[in-house]
Protein chains: 4
Amino acid sequence: MGCSYGENIRITVFGQSHSTAVGVTIDGIPAGERIDCDRLCAFLFRRSPGKGGLSSERKESDTPEFISGLVNGMTCGAPLTAIIQNEDARPGDYEELKNIPRPGHADLTAWIKYGEARDWRGGGYFSGRMTAPLCVAGGVCLQLLERKGIRIEARASKIAGAADPDDMERAIRAAKEEGDSVGGIVECVASGVPAGLGDPMFNGLENRISQIVFAIPAVKGIEFGEGFTAAGLRGSENNDEYLPGYNGIIFASNHCGGILGGISTGEPIVFRTAFKPTPSIGKKQRSVDLTTMEPVMLSVPGRHDACIVPRAVPVVEAAAAIAIYDSLLAIKLGK
Amino acid sequence: MGCSYGENIRITVFGQSHSTAVGVTIDGIPAGERIDCDRLCAFLFRRSPGKGGLSSERKESDTPEFISGLVNGMTCGAPLTAIIQNEDARPGDYEELKNIPRPGHADLTAWIKYGEARDWRGGGYFSGRMTAPLCVAGGVCLQLLERKGIRIEARASKIAGAADPDDMERAIRAAKEEGDSVGGIVECVASGVPAGLGDPMFNGLENRISQIVFAIPAVKGIEFGEGFTAAGLRGSENNDEYLPGYNGIIFASNHCGGILGGISTGEPIVFRTAFKPTPSIGKKQRSVDLTTMEPVMLSVPGRHDACIVPRAVPVVEAAAAIAIYDSLLAIKLGK
Amino acid sequence: MGCSYGENIRITVFGQSHSTAVGVTIDGIPAGERIDCDRLCAFLFRRSPGKGGLSSERKESDTPEFISGLVNGMTCGAPLTAIIQNEDARPGDYEELKNIPRPGHADLTAWIKYGEARDWRGGGYFSGRMTAPLCVAGGVCLQLLERKGIRIEARASKIAGAADPDDMERAIRAAKEEGDSVGGIVECVASGVPAGLGDPMFNGLENRISQIVFAIPAVKGIEFGEGFTAAGLRGSENNDEYLPGYNGIIFASNHCGGILGGISTGEPIVFRTAFKPTPSIGKKQRSVDLTTMEPVMLSVPGRHDACIVPRAVPVVEAAAAIAIYDSLLAIKLGK
Amino acid sequence: MGCSYGENIRITVFGQSHSTAVGVTIDGIPAGERIDCDRLCAFLFRRSPGKGGLSSERKESDTPEFISGLVNGMTCGAPLTAIIQNEDARPGDYEELKNIPRPGHADLTAWIKYGEARDWRGGGYFSGRMTAPLCVAGGVCLQLLERKGIRIEARASKIAGAADPDDMERAIRAAKEEGDSVGGIVECVASGVPAGLGDPMFNGLENRISQIVFAIPAVKGIEFGEGFTAAGLRGSENNDEYLPGYNGIIFASNHCGGILGGISTGEPIVFRTAFKPTPSIGKKQRSVDLTTMEPVMLSVPGRHDACIVPRAVPVVEAAAAIAIYDSLLAIKLGK
């Protein structure tokens, strides 16, 4: 069981890359919240494929249909369920891959775990396609957070080691031409988060955010504030000193990324996630035919991104929004 | 609420730095498992303070007492609870810190969240002391995993940027002399983990391990396999190719750290966690008196480690053991 | 949050009486289980309305569409989601009830809890309509249990105080003619349940079954084995003695209803649930207009059952099947 | 796993009848709540054994020691853990019962589930002794609820079929003299509960209360409001009509027991639980020796109550308090 997340809201993600539809149920949103479906679609559009020569050519309109929980555009207290039809599913594209696991994908582990019954078409439940319903839930949370003055913005801070946008695009293009792919780093900043969010020990903000961020395919690392850099600093360099301010205490710096002891400090929450290069590449790789156990050389066919990072940016925002909104509802449990 | 972790076992950690005792309850361990209490104590000794000039001078024998769940050294099916007395608690050491939050600690966020009622003595529930009961649970899981052929070993791979043990010790000593501290990186390897562990999406091994690892104070980052390095690689470099082997498929490399799609591949699970430098330092830092809101210069008194990393090594093993054992029990839910 | 249930499988029920669709997600069913959709439809037909003069005239074909989790009729390991379109929704029927809470319904408590944003159409999420997706989940579990030799059968043991089927029908008809309604008792027996299912304390079979059974609208009581009758017996009358048998111990009687200490004994699990009379009646009742706070006399219009018990029988089976299957998966967590 | 309960607070009960101690952890109580330990002890005294000729002669002072979570008598935000030493454990009393399961107890099911490793001494984790830590958690919740104007009071409404206190005592005494036991019914009323508590479907008040009430050994049934009686009523008799009142709507009656759709109406919450007669009786019963599988006649030795109902009264209050406080914290999750 892994399809649900959350303590104070609970999201449940269903569907597969080539099932009839993908979707999400969100339980626990207070009644009376207006959901702006146009803004939600605009948010989803940021992750949708088919927007340019550099991303996957799969075309999906990615319009969520709320089949429950919403009455006249407003939450009614019942769980909110939205589905997105899989319009442009072409499982045939994957027919030849049925028995040849793609290196770097979950094809092999899914086969080990579920056997012949697995949905091998396009990665099944492990597909990047599943980030669409995640973005529906995240997009809803972003709207709710915005009403509390909280904004979440992510950006590709590095692609293929390059920090400059021109260099990034050049690196993606070069990889694509060679039938290869590149990875990158997404930096996410949540501002306006009130101090005091997050619970200690296992449900701190770092625990909650990292649990959901690793639900995004291709994420292999996460760090908060100075993160791995802090491991090389002195305490006197990394500690954030306190100063008196007009409305309470001011942080002289934000090396901790807005979180101390799992709890928000009131400063911006800053984290970075590492995305590995897209595993689907045209370049030939060694694999094994699962039916014959013979070696084969595989060049992955079909539609895929030479770099997933640009499309992953809104997905990271969505994940952060869900985790932070979940923690926000918890903090209302007052005395 | 943040004191519990786990889907298939459930651990609950209680106590504070200077409460009567700290402890842990573990629910879900099958009946009939023998717990070797001597080995458990030996494991706990690795994280215990007071072993040398470089670590905290707090003396605790750290002997867990199983007050329930164990009959003649064997689990009986009831939840297992162990407590460790806080023998050498000296809350007086912290009296002067009551109203002066230590930079880099949770003192300030605990005050924001819980107000005057917080346990300010030695960090309360946010103290590194709470890793003792975490190690009790982890030490139990390590024994259970070993019986399945699974071994977990961590080591300090870097301290203060140095990978060489001599350099590490020199860096810690230098920091200590200057009233300062250093951080580092702990690398953890779990070998013998069968393929197929972990659930998709929110309960993959990366999600589960990262959720618990961030419960260790001072952890600010985690990466699996190539992690952040993978973000700079090409797909053709980072993908792990497959080869036919005598007993199934062999991985030509293990860049993915033994996890694909959240599910174990059968190769060793490899992850690294970044520890920030100990926030408690003798060097003067700016803080604010919470009662007067006046600025103060603080030199943290009391017992603390110039580098927490050596003592954190078994804690990382404990956290990994709990997460992996939790996933192991899940996989038995067969058809 | 109340839309999810289960520890080892997790079902999530969404939709409202007059939303686009109702549905359910089931996480945790092992991969490779065949779902017989025809049998599932036949099961759903037992609870569906519109079958005769005695039940509600709402017509719904109640055909579940599996939009995910099923590949060629077999579970693939991903969460299973089925939706049922609300074909015959006539929210207009309820327009006049928007501001007049029906006595005995959740109309008033939903208004108190969710305010104007509540879905007042036909009871919203509190409608008996929501037992359709519950029956989808239960029907799936029934099939899975049957493969383990477990059968669950419920029946109306009393309606309007009568135990004889003819008397029952007469009582329902009489009530209907008077614009009134009657309640009854459903007895459920699960046979073939292996000994050892259920966890102690809060997750025993009685705890798990009762938690889900009270999700069925109109249920106001549950008892296991002798239940309330046992309260009037002597220990020597109510205890079930043990006898040696060919294949282990035999129970001389089954007053405990197949459960001791929350754990199955191997004897049939027997429980009874009390259903209150349908609150929707034609007879005039006193209510209050929520907009004016003036008293009104209300005769509930629209389609409703004079006795819900016959249609509730499969719903009780469904609820029991989910709880028992959930406990069955837990027991596989072996040493 | 069954030792934990709750969505918004989380209680975890540990210990066995004859372990070193029994105890409970309560996570999620807001910081700054004062716990009156004297009142808590007085509450525990109501369930404690050894008070008279009619109850068990086991002597336990039942004084809870808070080993964490409490600073100067006030909750500090960390989980609250209290332990009670098992002072008067005499496991020797049970030696002869090791291999002879007592009819009506969980001895046999524990043996089936856990095998030789089970704690057979005095029922282990299935013992009525475990209601002591449950009462610690419940006693704390009762104090917190009282501050919100909520009072919970239970009473033995029937013992051995008798509603009159004199008849009750006579029946208990008669049974005791014959080496037998009697059961009874506990009625519980929670007044001052605000309207709007409880979540729909699986987390309504009836679901939450019944899940925890079945954690009390010997409970075999529960009903809310009219309960099983409602099954024999007409809708026009059972529905509670609404009247306009000075401060909102008034219920003309409370047949529903203060709960509609799982949500509190503002009227008193009323439920009754059926307790079977104490299974431990002196009268000879047939059992089987687990080592030889030979039939034996068993007269249960040791200390036990001829009727558990009087001591169960505060336990029912405790269970109700936990469930209602849990729901109360949920309702604060406002917009």
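Residues numbered from 1 in each chain as written. Chains lettered and ligands numbered in written order. Predicted model: local features only at pLDDT ≥ 70, side-chain atom pairs only at ≥ 80, totals over all residues. Heavy atoms only, no water.

K.L.:
When you look at the overall build of chain A in this model, what are you seeing that I'm missing?
P.N.:
The helix and strand inventory of chain A stands at seven helices and 17 strands. Taking 20 Å as the expected radius of gyration for a compact globule of 335 residues, we find that chain A reaches 21 Å, a close match to that expectation. Dimensions of chain A along its principal axes, counting C-alpha atoms only, are 70 × 50 × 35 Å. In chain A, which comprises 335 residues, the proportion classed as buried is 65%. (Helix = DSSP H or I, 4+ residues; strand = E, 2+ residues; numbered from the N terminus. Rg over C-alpha atoms; globule rule 2.2 N^0.38 Å. Buried < 20%, exposed > 50% of the residue type's maximum accessible area, 1.4 Å probe, protein only.)

K.L.:
So what exactly am I meant to see when it comes to the pattern of salt bridges here?
P.N.:
Side-chain pairs of opposite charge can arise whenever the charged atoms involved come near each other. Applying the stated criterion across every chain yields a total of 79 salt bridges over all chains. Put simply, A:Asp62 and A:Arg129 hold a salt bridge, and the shortest N to O gap is 2.9 Å. Here A:Asp62 is found in the loop between α1 (37-47) and β4 (65-68), whereas its partner A:Arg129 is found in the loop between α2 (107-114) and α3 (131-146), with 67 residues between them in sequence. Measuring nitrogen to oxygen at the nearest pair gives 3.4 Å for the salt bridge that ties D:Arg155 to D:Glu187. (Salt bridge = Lys/Arg side-chain N within 4 Å of Asp/Glu carboxyl O.)

K.L.:
What exactly am I supposed to notice about the packing of aromatic side chains here?
P.N.:
Going through the model one piece at a time under the given rule, you end up with 20 aromatic pairs over all chains. Seen in terms of ring centroids, C:Phe214 and D:Phe224 are 5.3 Å apart; in terms of plane orientation they differ by 90°. Their pairing is edge-to-face. Here C:Phe214, found in the loop between α5 (205-213) and β10 (219-224), pairs with D:Phe224, found in strand β10 (residues 219-224), and the two come from separate chains. A relative accessible area of 0% places D:Phe224 in the buried class. An angle of 85° between the planes, with centres 5.1 Å apart, marks the rings of D:Tyr242 and D:Phe251 as edge-to-face. (Phe/Tyr/Trp six-rings, centres within 6.5 Å; stacked < 30°, edge-to-face > 60°.)

K.L.:
Explanation requested: the sheet that holds strand β3 (residues 21-27) of chain C in the structure shown.
P.N.:
Backbone-to-backbone hydrogen bonds pair the strands of a sheet. The strands run either parallel or antiparallel. Residues and elements named next belong to chain C. If you walk across this open sheet you meet the five strands as β1-β2-β3-β7-β4, and the pairing is antiparallel. In this open sheet, the two edge strands, each paired with only one partner strand, are β1 (4-5) and β4 (65-68). Strands β2 (10-14), β3, β4 and β7 (80-85) of the sheet are contacted by helix α3 (residues 131-146), whose axis makes an angle of about 30° with β3. (Pairing = 2+ DSSP bridges. Contact = heavy atoms within 4.5 Å. Axes fitted to C-alpha atoms, helices over the stretch in contact; angles between N-to-C directions.)

K.L.:
Would you explain the relation of the copies chain D and chain C in this entry?
P.N.:
These two copies of the chain differ by a rotation about an axis and a displacement along the same axis. Between chain D and chain C, the superposition needs a rotation of 180° and an axial shift of 0.0 Å, giving an RMSD of 0.0 Å. A rotation of that kind, with that shift, is consistent with a two-fold axis. Most of the interface of chain D is mirrored in chain C: 100% of its interface residues are interface residues there too. (Least-squares fit on C-alpha atoms with pLDDT ≥ 70 in both.)

K.L.:
Explain the pairing of β10(D) to me, please; I cannot follow it from the model alone.
P.N.:
Looking along a regular strand, one sees side chains alternate from face to face of the sheet. All names here are of chain D. Most of β10 sits inside the fold, with six of its six residues counted as buried. Examined bridge by bridge, β10 and strand β15 (residues 269-275) share five bridges and lie antiparallel to one another. By the bridge assignment for β15, Gly 221 is matched with Ala 274.

K.L.:
Is there a simple way to think about the interface of chain A and chain B in this case?
P.N.:
The figure often quoted for interface size is the accessible area lost as the parts come together. Taken together, the contact pairs 102 residues of chain A with 102 residues of chain B. Between chain A and chain B the total buried area reaches about 7,900 Å² when both faces are included, carbon and sulfur atoms providing 62% of it. Ranking the residues of chain A by area buried against chain B places A:Phe202, A:Lys220 and A:Tyr242 at the top, with a combined share of 11%. Counting across the chain A and chain B interface gives eight salt bridges. A salt bridge links A:Asp180 to B:Arg234; the nearest nitrogen and oxygen atoms lie 3.7 Å apart. Counting across the chain A and chain B interface gives 44 residue pairs in polar contact (both at pLDDT 80 or more). In terms of residue class, the side of chain A that touches chain B is built from 55 nonpolar, 29 polar and 18 charged. (Buried area = accessible area lost by both parts, 1.4 Å probe. Polar contact = N/O pair within 3.5 Å; in protein donor to acceptor, adjacent residues only side chain to side chain. Nonpolar A, V, L, I, M, F, W, Y, C, P; charged D, E, K, R; others polar.)

K.L.:
Is there a simple way to think about the environment of B:Gly232 in this case?
P.N.:
The residue B:Gly232 is located in the loop between β10 (219-224) and α6 (235-238) in this model. The exposure class of B:Gly232 is partly exposed, given its relative accessible area of 43%. Distance in space between the C-alpha atoms of B:Gly232 and B:Gly196 is 28 Å, their sequence separation being 36 residues. Leave out the neighbours within four places in its chain, and B:Gly232 touches A:Ala160 and A:Gly161.

K.L.:
Honestly, the relation of the copies chain A and chain B in this entry has me stumped. Any pointers?
P.N.:
The two copies are related by a screw operation: chain A maps onto chain B through 180° of rotation and 0.0 Å of translation along the axis, at an RMSD of 0.0 Å. Interface residue correspondence from chain A to chain B reaches 100%, placing this contact among same-surface, isologous pairings.

K.L.:
In this structure, what is going on with helix α1 (residues 37-47) of chain D? I would like to understand it.
P.N.:
Residue and element names in this part refer to chain D. Here α1 has its buried residues at Leu 40, Phe 43, Leu 44 and Arg 47. Buried residues in α1, looked at end-on, bunch into an arc of 100°, giving them a common side. Among the exposed residues of α1, those oriented more than 90 degrees off its buried face are Asp 38 and Phe 45. One side-chain oxygen at the N-terminal end of α1 lies 3.1 Å from the backbone nitrogen of Asp 38; it belongs to Asp 36. (Arc of directions from axis to C-beta.)

K.L.:
Help me understand the interface of chain D and chain C, please; the structure alone is not making it clear to me.
P.N.:
The interface of chain D with chain C comprises 102 residues on the first partner and 102 residues on the second. Approximately 7,900 Å² of surface area, both sides summed, lies buried where chain D meets chain C, with 62% of it carried by carbon and sulfur atoms. The three residues of chain D that bury the most area against chain C are D:Phe202, D:Lys220 and D:Tyr242, which together make up 11% of that side's buried surface. Run the count over chain D and chain C and you get eight salt bridges. Put simply, chain D and chain C have 44 residue pairs in polar contact (both at pLDDT 80 or more) between them. A per-class count over the side of chain D that touches chain C returns 55 nonpolar, 29 polar and 18 charged. Sheet topology note: the β10(C)/β10(D) ladder contains three bridges and is antiparallel. The partner of C:Glu223 across the bridge, within β10(D), is D:Gly221.

K.L.:
How should the side chain of D:Arg118 be read in this particular structure?
P.N.:
Along the polypeptide, D:Arg118 turns up in the loop between α2 (107-114) and α3 (131-146). Residues in contact with D:Arg118, not counting those within four places in the same chain, are B:Cys76, D:Lys98, D:Asn99, D:Asp107, D:Ala110, D:Trp111 and D:Leu290.

K.L.:
What's the story with the side chain of B:Ser264 in this structure? I'm lost.
P.N.:
By the element assignment, B:Ser264 lies in strand β14 (residues 263-264). Look past the residues within four positions of B:Ser264 in its chain and what remains in contact with it is A:Thr109, B:Val193, B:Pro194, B:Ala195, B:Gly196, B:Leu197, B:Leu205, B:Gly258 and B:Ile269.

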